[in-house]
Amino acid sequence: MNRDEEPVNTDGRKGRWAGHREQRRRELTEAAVEAIRELGPDVGMEAIAARAGVSKPVLYRYFADKSELWLAVGQVSGEMVLEAIIPAVAAVREEREAIAAAVNAYLAHIAADTNLYQFVVHQPDIPRGRDVVADVVDTVASGLARIFGDRLRARGLDSGAALPWAYGVVGYVQAVGDWWLRQQQPISREALGDYLTTFLWGGVAGIRHAADVPGGLAAYQGEVTHEH
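Below, the structure is looked at part by part. (Residues numbered from 1 in each chain as written. Predicted model: local features only at pLDDT ≥ 70, side-chain atom pairs only at ≥ 80, totals over all residues. Heavy atoms only, no water.)

## Brief notes about the overall build of the protein
Here's step 1: A tally of helices and strands in the protein yields nine helices and zero strands.
Here's step 2: Its helices and strands in sequence order give the protein the pattern α-α-α-α-α-α-α-α-α, from N to C terminus.
Here's step 3: The buried share of the protein, reckoned over its 228 residues, is 37%.
Here's step 4: In the protein, of all internal contacts separated by at least 6 residues, the share reaching a separation of at least 24 is 63%.
Here's step 5: Approximately 12,600 Å² of the protein is accessible, and the part contributed by carbon and sulfur atoms is 54%. (Helix = DSSP H or I, 4+ residues; strand = E, 2+ residues; numbered from the N terminus. Buried < 20%, exposed > 50% of the residue type's maximum accessible area, 1.4 Å probe, protein only. Contact = heavy atoms within 4.5 Å. Areas by Shrake-Rupley, 256 points an atom, 1.4 Å probe, with all protein chains shown as cover.)

## Regarding the nonpolar core
Here's step 1: The biggest cluster of nonpolar side chains holds 25 residues, and the ones touching the most others in it are Ile48, Leu59, Phe63, Leu69, Val73 and Val120.
Here's step 2: Contributions of two or more residues to this core are made by α1 (14–39), α2 (45–52), α3 (56–62), α4 (66–90), α6 (114–121) and α7 (132–154).
Here's step 3: Listed in part, the 17 residues of the second largest apolar core include Ile99, Ile110, Trp180 and Leu200. (Core = buried A, V, L, I, M, F, W, Y, C linked by side-chain atoms within 4.5 Å.)

## Re unusual backbone geometry
Here's step 1: Phi angles above zero are rare outside glycine, and Gln184 is one such case at about 60°.
Here's step 2: Checked against the element boundaries, Gln184 lands in the loop between α8 (162–182) and α9 (189–210).
Here's step 3: A residue is classified by how much of its surface remains accessible, and Gln184, at 66% relative accessible area, is exposed.
Here's step 4: Even without glycine at this site, Gln185 takes up a positive phi of about 55°.
Here's step 5: If you trace the backbone, Gln185 turns up in the loop between α8 and α9.

## Some points on the packing of helix α5 (residues 95–112) against α8
Between two packed helices, both the angle of their axes relative to each other and the distance between the axes serve to describe the pair.
Here's step 1: Two numbers describe how α5 lies on α8: the axes approach to 11 Å, and their chain directions differ by 35°. By crossing handedness, the relation of α5 to α8 is classed as right-handed. Taken together, the residues of α8 that come into contact with α5 (itself represented by Val103, Tyr106, Leu107, Ile110 and Ala111) are Val173, Gln174, Gly177, Trp180 and Leu181.
Here's step 2: Tallied by class, residues from the contact of α5 with α8 come to eight nonpolar, two polar and no charged. (Axes fitted to C-alpha atoms, helices over the stretch in contact; angles between N-to-C directions. Left-handed = near helix turned anticlockwise from the far one by under 90°. Nonpolar A, V, L, I, M, F, W, Y, C, P; charged D, E, K, R; others polar.)

## Points about α4
Here's step 1: The first and last C-alpha atoms of α4 sit 36 Å apart over 25 residues, in line with the 36 Å expected at 1.5 Å per residue.
Here's step 2: Burial in α4 covers these residues: Ser67, Leu69, Trp70, Ala72, Val73, Gly74, Val76, Ser77, Gly78, Val81 and Ile85.
Here's step 3: By the N-cap criterion, in which a side-chain oxygen at the helix start approaches the backbone nitrogen of a residue two or three places on, α4 is capped by Asp65, the distance to Ser67 being 3.2 Å. (Expected span 1.5 Å × (residues − 1). Polar contact = N/O pair within 3.5 Å; in protein donor to acceptor, adjacent residues only side chain to side chain.)

## Focus on the side chain of Ser67
Here's step 1: Along the chain, Ser67 falls in helix α4.
Here's step 2: Accessibility expressed as a relative area gives 16% for Ser67, which makes it buried.
Here's step 3: If we skip the residues at most four places from it in the chain, Ser67 touches Ile126 and Pro127.

The values are spatial; any link to function lies outside them.
Here it is in C-alpha cells:
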C-alpha cells in the first residue's frame, strides 16, 4: 500500500492511521517550510509539493487548501520562535539581561528566517479561521505576564497591570521587528536590540519605584532613573 493511501478500517486500524496521518502531515509541513525558505513567501502549492517529493493531489489529501497549510506552517514557526526565546532568557539571571536576551533572540530569529516570517505574518489572501500569529503572541505574553505579576506582588502592588503590560511589550517588539524587516534592516540588529531593551527596561525598572509611592502604580509619576 502506498504510504499516502488511507486503509479501509475494518479491524481497528483507525488509530494507527490517524497517527500515520499526523506524522505525514508533519513531514509535509517541514518540507513546506524548506520550500518557503528556498523559494520565498509567495511559493505556490505545486512548488511545495515538488519540494516534498509528492504530487499536488497527494499534498491536497493532507491539506485541503493553502490556508490549511499556512496554519500548519504557522504552528511550526511559532514553536521555533518559542524555542529561540525561552533558552535565551533561561540562560541569564539579571532582569535587564533577560529583556535583552528575549529581544535579541527574537530579532535574530526573524532576521535569519525572513522568508518564513513573511509567509506566516504577511499573507493577506489566505482566509484565517484561526490566527497562529495571535496564538504565539498569547503564549509569549502569558509567560511574560507571570513574570510581571510576580514582580508586582513582591512589591505589594496590584498585579492587574501584568497582562496588559505583557501584551504591550510583545506587541511593541513585534511591531518594531516587522518595521525593521520591511525597511530592509536599516540599522544593525545589535543597535536595535539595545534601543528596544533600553526603552523597555525603563518601564520595568519603574515598578520598584512605584512600590514606594502612596497609591502605587496609579499615583506613580516619578522620573525614570538610571539603574545598572
